[in-house]
Amino acid sequence: MPPSEFIKKYLPHAKATEAKTGISAVAILAQAALESGWGEAAPGNAFFGVKDTDGVNGNEQLLTTTEYSRRADLKFPLIISITPIVRNGVKMFRYKVKDYFRKYSTAEECFTDHAQFFLKNKRYTEALSVKHNPVVFARAIAQAGYATAPDYAKVLTGVINTIEKLI
């Protein structure tokens, strides 16, 4: 969906989560937009691609995804392909895989669970100290290892800028 429609539909959910957690609604919405292709790929209201670690309790779904690693021996429920690549002079591997992701009844449930992920994980302590500034928060979560994509912070900052222009 177009960014303006995505913002209109999901900003209230992001604001509700911000009220509960203090994490910027713009940061939440930008991650949701980036990771779901502006809502086009959010099966089971899974906007953020939060992994489900057990794959057995009914709140999971097996989806195709792309992951990046410097290692060629990662394990997934199903590996479709592993492609060696070079990014910024670093040899890496691009995995196309099927992995378990959480599913949700509503978008707000997903947004709140995603925010709780940051609040519960100590590696995001520094990011939480800047949770009101979406751009700085984006850089901090990327630095803490949130995503495997090497340019995650840059791309997320671009989405933040788009959202800020439209709200």
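Residue numbers restart at each chain and count upward from 1, following the sequence in its written direction. In keeping with the predicted nature of the model, local features appear solely for residues at pLDDT of at least 70, side-chain atom pairs appear and are counted solely at 80 or more, and the whole-chain, interface and lining totals rest on all residues. Excluding hydrogens and water, the side-chain values take into account all heavy atoms of the structure.

**Focus on the overall build of the protein chain**
Where we set the bar: By the criteria applied, helices consist of DSSP H or I runs no shorter than four residues and strands consist of E runs no shorter than two, each listed in order from the N terminus. Two things to know: the radius of gyration comes from C-alpha atoms, and the globule rule equals 2.2 Å times the number of residues to the power 0.38. A contact between two residues is defined here by any heavy atoms of the two lying within 4.5 Å. Counted as positive: Lys and Arg. Counted as negative: Asp and Glu, with His and the chain ends omitted from the count. Just so you know, the charge point we use is NZ for Lys, CZ for Arg, CG for Asp and CD for Glu.
Summing up its helical and strand segments, the protein chain has six helices and three strands in all. Counting from the amino terminus, helix and strand elements in the protein chain follow one another as α-α-β-β-β-α-α-α-α. In summary, the protein chain has a C-alpha radius of gyration of 16 Å against a globular reference of 15 Å for 167 residues, a match within 12%. When its C-alpha atoms are laid out on the principal axes, the protein chain stretches across 40 × 40 × 35 Å. Within the protein chain, contacts between residues separated by at least 24 positions form 58% of all contacts whose residues are at least 6 apart in sequence. Put simply, the protein chain has 22 plus and 16 minus side-chain charges, and the middle of one group is 5 Å from the middle of the other.

**Things to note about the packing of aromatic side chains**
So the rule is basically this: Pairs were defined over the aromatic rings of Phe, Tyr and Trp, the Trp ring being its six-membered one, requiring ring centres within 6.5 Å. Orientation was assigned from the angle between planes: stacked under 30 degrees, edge-to-face over 60, tilted for the rest. Buried means the residue's accessible area, taken with a 1.4 Å probe over protein chains only, is under 20% of the maximum for its type, while exposed means over 50%, and partly exposed covers the values in between.
A full pass over the atoms with the stated rule returns 15 aromatic pairs. Residues Phe76 and Tyr95 carry aromatic rings whose centres are separated by 5.5 Å and whose planes lie at 55° to one another, so their mutual orientation is tilted. You can see Phe76 sitting in the loop between β1 (60-69) and β2 (78-87) and its partner Tyr95 sitting in strand β3 (residues 90-102), a full 19 residues away along the chain. By relative accessible area, Tyr95 is classed as buried at 0%. Measuring from centroid to centroid gives 5.5 Å for Phe118 and Tyr146, while their planes differ by 40°, and the two rings are tilted. Within this pair, whereas Phe118 is found in helix α3 (residues 107-120), its partner Tyr146 is found in the loop between α5 (134-143) and α6 (152-166), the two being separated by 28 residues in sequence. The exposure classification of Phe118 matches that of Tyr146, with both residues buried.

**Comments concerning the pairing of β2**
Applicable threshold: Only strands joined by at least two bridges in the DSSP assignment are considered to pair.
Relative to β3, β2 runs antiparallel, the two being bridged by nine bridges. For Val86, the partnering residue across the bridge sits in β3 and is Lys91. Following β2, the chain reverses through two residues before pairing antiparallel with β3; Asn88 in that reversal takes a positive phi of roughly 55°.

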